[in-house]
Amino acid sequence: MNGVVTNDNSRTDLIGLTFQGTDFPGLFHELADAMTRFGVEIIDVGQAVLGGSITLSFLVSSQHPEDFEVEMRRLAELRGLSLTLTPGMADDVHRLPGRAVVTLLADTVPAEALAEISAEVVHHGGNIDRVRRLARTPVTAIELDVSGVEVVELRRRVAEVSAESGCDASVAAAGLARRGRRLVVMDVDSTLIQDEVIEMLAAHAGREAEVAEVTERAMRGELDFAESLHARVAVLEGLPVEVLDDVRAAIRLTPGARTLVRTLKRLGFTVGVVSGGFIEVVRPLADELGITYAQANTLEVADGKLTGRVLGEVVDREGKARALAHFAQNEGLPLERTVAIGDGANDLDMLALAGLGVAFNAKPVVRAQADAAVNVPYLDSVLFLLGISREDIEEADNLDVDSAAMSGTGA
């Protein structure tokens, strides 16, 4: 029974039903089973559960609408649910072209941020079609599925709004562009790890404060990175090569780093690191985490001591971008399917080249130019920008624990 289509896209045979109340196991089945007695055709269905309360909507076509409505009202009353019936309801229209995903991150998302960002969507001619929470710990992550917008312009405005509201937000193209395998490339110092390796080495020479000041200026973009690197490495002259072992042992991973890499690898993604630091530290760290690609500077050593020089071409701002492009070519992936994460000015070219550039606890110059900014201290929060929920992450971790337990018992 197709019914009569009216000018407003409604059909006379369609009925919209929205049940609201306290959720309980088996509710969906009970309602769907009751519908089978009335020759009901399901046109659409949607459900949301929030804090134990459920909103469950059906769009149906029924050959016996009067009897059907009576039975639905009876079931709703029996289960303590409110029921809204809308006869002649229109079927969904096609979503507007220009689909995007807006992701919000914060310890707790302020209402002001939601209000201002949703206002930007409306201002740009868009509509918020779906909303879901991706995580409630260690941060709150909310994803808005949007249509009818121009992604680049909305991204620019949302970045401005999020900077003012104190809530991180990103805008990414939706659809197939967001699915499938990716290459994720990270900076190391102050991104994958909490430390600056050059400063840790300089501490062994008693020059940490001096080097830290130069590092900070280089990360802000005030100094040429290659020149600043040579100047900082020069103070390491004469240090025994064994200090590298001490530094490797003292490195602190950024919270969430292991979870990020582990989850990306489960998805079949390729992970790489590229650093203006030193391969003698970066490569063992990459091997420990199971990271495929690693590129960094090489320290010159003579007679068991550091010479205060680096070998070969410096991995600087342009070098990081070249490395990302090279990794992507090796993987047979277009640049649109790459993600770059970094914090300093020498990461800017890499962030601009990638399909998604993420500024992680970054300097203002980097936050202003990146596609997305993450200012919470958890590196695995980047997963939420890719549409991966905390529930997905924890479920995969639990499966690994269960598999390891079974393997240990010989099962």
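Everything numeric here is computed off the predicted structure, so don't read it as measured data. (Residues numbered from 1 in each chain as written. Predicted model: local features only at pLDDT ≥ 70, side-chain atom pairs only at ≥ 80, totals over all residues. Heavy atoms only, no water.)

Caption draft 1: Examining the overall build of the chain more closely. Regarding its fold elements, the chain presents 15 helices and 15 strands. Dimensions of the chain, computed from C-alpha atoms along their principal axes, come out at roughly 95 × 60 × 40 Å. In the chain, the proportion of contacts linking residues at least 24 apart, taken out of those at least 6 apart, comes to 65%. Carbon and sulfur atoms make up 51% of the accessible area of the chain, which amounts to about 19500 Å² in all. Charged side chains of the chain number 38 positive and 64 negative; the gap between the two group centres comes to 1 Å. (Helix = DSSP H or I, 4+ residues; strand = E, 2+ residues; numbered from the N terminus. Contact = heavy atoms within 4.5 Å. Areas by Shrake-Rupley, 256 points an atom, 1.4 Å probe, with all protein chains shown as cover. Lys, Arg positive; Asp, Glu negative; His and termini not counted. Charge placed at Lys NZ, Arg CZ, Asp CG, Glu CD.)

Caption draft 2: Inspection of a negative patch on the surface at higher detail. Among the surface-exposed residues, E391, D392, E394 and E395 lie close enough to one another that they form a single negatively charged patch. Note on placement: E391 falls in helix α15 (residues 390-408). You can call E391 exposed: its relative accessible area is 59%. (Patch = residues over 30% accessible without salt bridge, like charges linked within 9 Å, V, L, I, M, F, W, Y side chains within 5 Å. Salt bridge = Lys/Arg side-chain N within 4 Å of Asp/Glu carboxyl O. Buried < 20%, exposed > 50% of the residue type's maximum accessible area, 1.4 Å probe, protein only.)

Caption draft 3: How the structure looks around the UniProt feature "domain: Phosphoserine phosphatase ACT" (unreviewed entry) in the chain. In the numbering adopted here, UniProt assigns the feature "domain: Phosphoserine phosphatase ACT" (unreviewed entry) to residues 101-171. End-to-end, the C-alpha atoms of residues 101-171 are 6 Å apart, and along that stretch the chain is 39% helix and 38% strand. (UniProt positions renumbered as here; feature names shortened; annotations may be inferred.)

Caption draft 4: Structural context of the packing of aromatic side chains. Inspection of every chain in the model, using the stated rule, returns 4 aromatic pairs. With a centroid separation of 4.5 Å and an interplanar angle of 15°, the aromatic rings of Y293 and F327 are classed as stacked. Highlighted residues: Y293 in strand β11 (residues 293-302) and F327 in helix α11 (residues 317-331), separated in sequence by 34 residues. Residue classification places Y293 among the buried residues on the basis of a relative accessible area of 13%. Pairwise contacts between aromatic rings join F19, F28 and F58 into one cluster. (Phe/Tyr/Trp six-rings, centres within 6.5 Å; stacked < 30°, edge-to-face > 60°.)

Caption draft 5: Local environment of the packing of helix α5 (residues 197-204) against helix α8 (residues 243-250). In the contact formed by α5 and α8, the axes pass within 10 Å of each other and the chain directions differ by 130°. Taken together, the axes of α5 and α8 are oblique relative to one another. You can see that α5 and α8 cross each other, and the crossing is right-handed. Along the contact surface, α5 presents V197, M200, L201 and H204, while α8 presents V243, L244, D246, V247 and A250. The residue makeup of the contact of α5 with α8, split by class, is 7 nonpolar, 1 polar and 1 charged. (Axes fitted to C-alpha atoms, helices over the stretch in contact; angles between N-to-C directions. Parallel < 35°, antiparallel > 145°, perpendicular 65-115°, else oblique. Left-handed = near helix turned anticlockwise from the far one by under 90°. Nonpolar A, V, L, I, M, F, W, Y, C, P; charged D, E, K, R; others polar.)

Caption draft 6: Representation of a nonpolar patch on the surface in the model. Taken together, the side chains of F28, I42 and V45 make up a nonpolar region of the molecular surface, amounting to roughly 250 Å² of accessible area. With respect to the element layout, F28 can be found in helix α1 (residues 27-35). The class for F28 is partly exposed, based on a relative accessible area of 39%.

Caption draft 7: Representation of the sheet that holds strand β2 (residues 41-50). Overall, antiparallel pairing links the 4 strands, which are arranged β2-β3-β1-β4 in an open sheet. This sheet does not close on itself; its edge strands, each paired only once, are β2 and β4 (82-87). Strand-to-strand twist in this sheet, taken as the mean axis angle between neighbours without regard to direction, amounts to 10°. In terms of strand pairing, strand β1 (residues 14-22) meets β4 through 6 bridges, oriented antiparallel. (Pairing = 2+ DSSP bridges.)

Caption draft 8: Local environment of the environment of G51. Along the chain, G51 falls in the loop between β2 and β3 (53-61). Through-space distance from the C-alpha of G51 to that of N330 is 46 Å; in sequence the pair is 279 residues apart.

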